[in-house]
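The chain contents come next:
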Amino acid sequence: MAEQPLIRDLQTGDAFVGFLLATEAAYKTSRSGGEYLEVKVADASGDLKGFLWDLRAVEGDFEAITADAFLKLKARVEEFQGRKQLRLEKVRFATDAEVGDLSHFFPMSVRPMAEMLTELDGLIASIGDPWIRRLLQGILVEDPERRAAFAKAPAAKSLHHVCLGGLLEHTLSVAGMAERACQHYPALNRDLVMVGVCLHDLGKTAELTYERSFGYSDAGNLIGHISMEAEWISREMARIPQFPEELRMQILHIVLAHHGKLEFGSPVLPKTPEALLLHYLDDLDGKLESMFRAIGDEAGSGNWSPFSRSLDRMIYKVRWPKAIRPD
């Protein structure tokens, strides 16, 4: 594949010719009754909506232009309501062989995967409770398939840490905050907090799809990550002889309660200090990552980001410089 500009570097007025991954694709009808093609296309740096108003410019099979397909595009960058988008001039399906290295089309965590896995292993090794340490080793160290999925999965489809490795990055970020919270509140059981941190989103590895574009699996839509991970954790506990019943209930409660509210998908409210802490740190990390991403986005008018549906607000993008600490 020839060198092509990244989506994040495209400016209004730029021409684009190259390959992009369609994460969404649909033929729609305009108010005037004409048909058009609307797509969302992506590379590792971001995504853009694209519109083809004249379907005669579709080359080849119309039905091949679907979500998760690579497309060869000729387009120009425009701006609409403060957001960049593509006015498509030509579109066709492209094979994986034409595209070449597929890693150019999937957003990756800024942290190296090997480095994050080493940090995860160190966190597990730091657990003092032998039952909890054995549980985490069985799930995240000794099961190679689950470990690989935990390292690769995103943390969400669209809300936060939406990249390969995003789940592991989010987990370690929450762990860093949890470590400080446990030092500040010595009454907390650090080992209980950390097992909750490590396992609270384990089900995302099967709830989400991330081989091509990010989406939800059938199991994710029907069952959800909280139910799936509670089942997996229970199964692993059952394999450990004489695993304490009280500890089993405490760990499952932290996992089941981490969304904080019944209307947000948790079957129970947080009813222990460790469960309450995990809920707020998980929520905080996700929202801050979304805000930092919005601040870094070049879209938007002047000092403000476009309206964020996940945060239900626009984000003020002016950053006050960090003070230099006096000697």
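Residues numbered from 1 in each chain as written. Predicted model: local features only at pLDDT ≥ 70, side-chain atom pairs only at ≥ 80, totals over all residues. Heavy atoms only, no water.

## Description of the confidence of the model for the protein
Then, in step 1: Confidence along the protein averages 89 in pLDDT terms, with 97% of residues attaining 70 or more.
Then, in step 2: Per-residue pLDDT, averaged within each element of the protein, yields its smallest value for strand 8 (residues 215–216) (81) and its largest for helix 6 (residues 190–199) (98). (pLDDT = per-residue confidence, 0-100. Helix = DSSP H or I, 4+ residues; strand = E, 2+ residues; numbered from the N terminus.)

## What about the layout of surface pockets?
Then, in step 1: Counted as a void, the second largest pocket has a volume near 810 Å³.
Then, in step 2: Every residue lining the second largest pocket is counted, 33 residues in all, and those nearest its centre are Leu159, His160, His259, Phe264 and Asp283.
Then, in step 3: Only helix 7 (204–207), helix 9 (225–239) and helix 11 (273–296) provide two or more residues apiece to the lining of the second largest pocket.
Then, in step 4: In terms of residues, the lining of the second largest pocket owes the most to one element, helix 11, which gives eight residues.
Then, in step 5: Counted by class, the lining of the second largest pocket contains twelve nonpolar, 13 polar and eight charged residues. (1 Å grid on protein atoms, 1.4 Å probe; cavity = no way out; pocket = protein on both sides within 12 Å on 5 of 7 lines; lining within 4 Å. Points joined across faces, edges and corners; volume = space filled by probe spheres on them. Nonpolar A, V, L, I, M, F, W, Y, C, P; charged D, E, K, R; others polar.)

## Focus on helix 9
Then, in step 1: End to end, helix 9 covers 21 Å across 15 residues, agreeing with the expected 21 Å (1.5 Å per residue, within 8%).
Then, in step 2: Here helix 9 has its buried residues at His225, Ile226, Met228, Glu229, Ala230, Trp232, Ile233, Glu236 and Met237.
Then, in step 3: Where the residues of helix 9 are buried, they touch helix 3 (130–140), helix 4 (144–152), helix 6, helix 7, helix 8 (218–222) and helix 10 (245–256). (Expected span 1.5 Å × (residues − 1). Buried < 20%, exposed > 50% of the residue type's maximum accessible area, 1.4 Å probe, protein only. Contact = heavy atoms within 4.5 Å.)

## Brief notes about the packing of aromatic side chains
Then, in step 1: Applying the stated criterion across every chain, the model contains six aromatic pairs.
Then, in step 2: Aromatic side chains Phe70 and Phe105 sit 5.0 Å apart centroid to centroid with 70 degrees between the ring planes, which places their arrangement in the edge-to-face category. Of this pair, Phe70 sits in strand 5 (residues 70–80) while Phe105 sits in the loop between helix 1 (96–99) and helix 2 (113–125), and the two are 35 residues apart along the sequence.
Then, in step 3: The class for Phe70 is buried, based on a relative accessible area of 0%.
Then, in step 4: On the basis of relative accessibility, which here comes to 1%, the residue Phe105 falls in the buried class.
Then, in step 5: Both rings, one in Trp304 and one in Tyr316, keep their centres 4.9 Å apart while their planes meet at 45 degrees; by these two values the pair is tilted. Placement of Trp304 in the segment after helix 11 and of Tyr316 in the segment after helix 11 is noted, with a sequence separation of twelve residues between them.
Then, in step 6: With relative accessibility at 38%, the residue Trp304 sits in the partly exposed group. (Phe/Tyr/Trp six-rings, centres within 6.5 Å; stacked < 30°, edge-to-face > 60°.)

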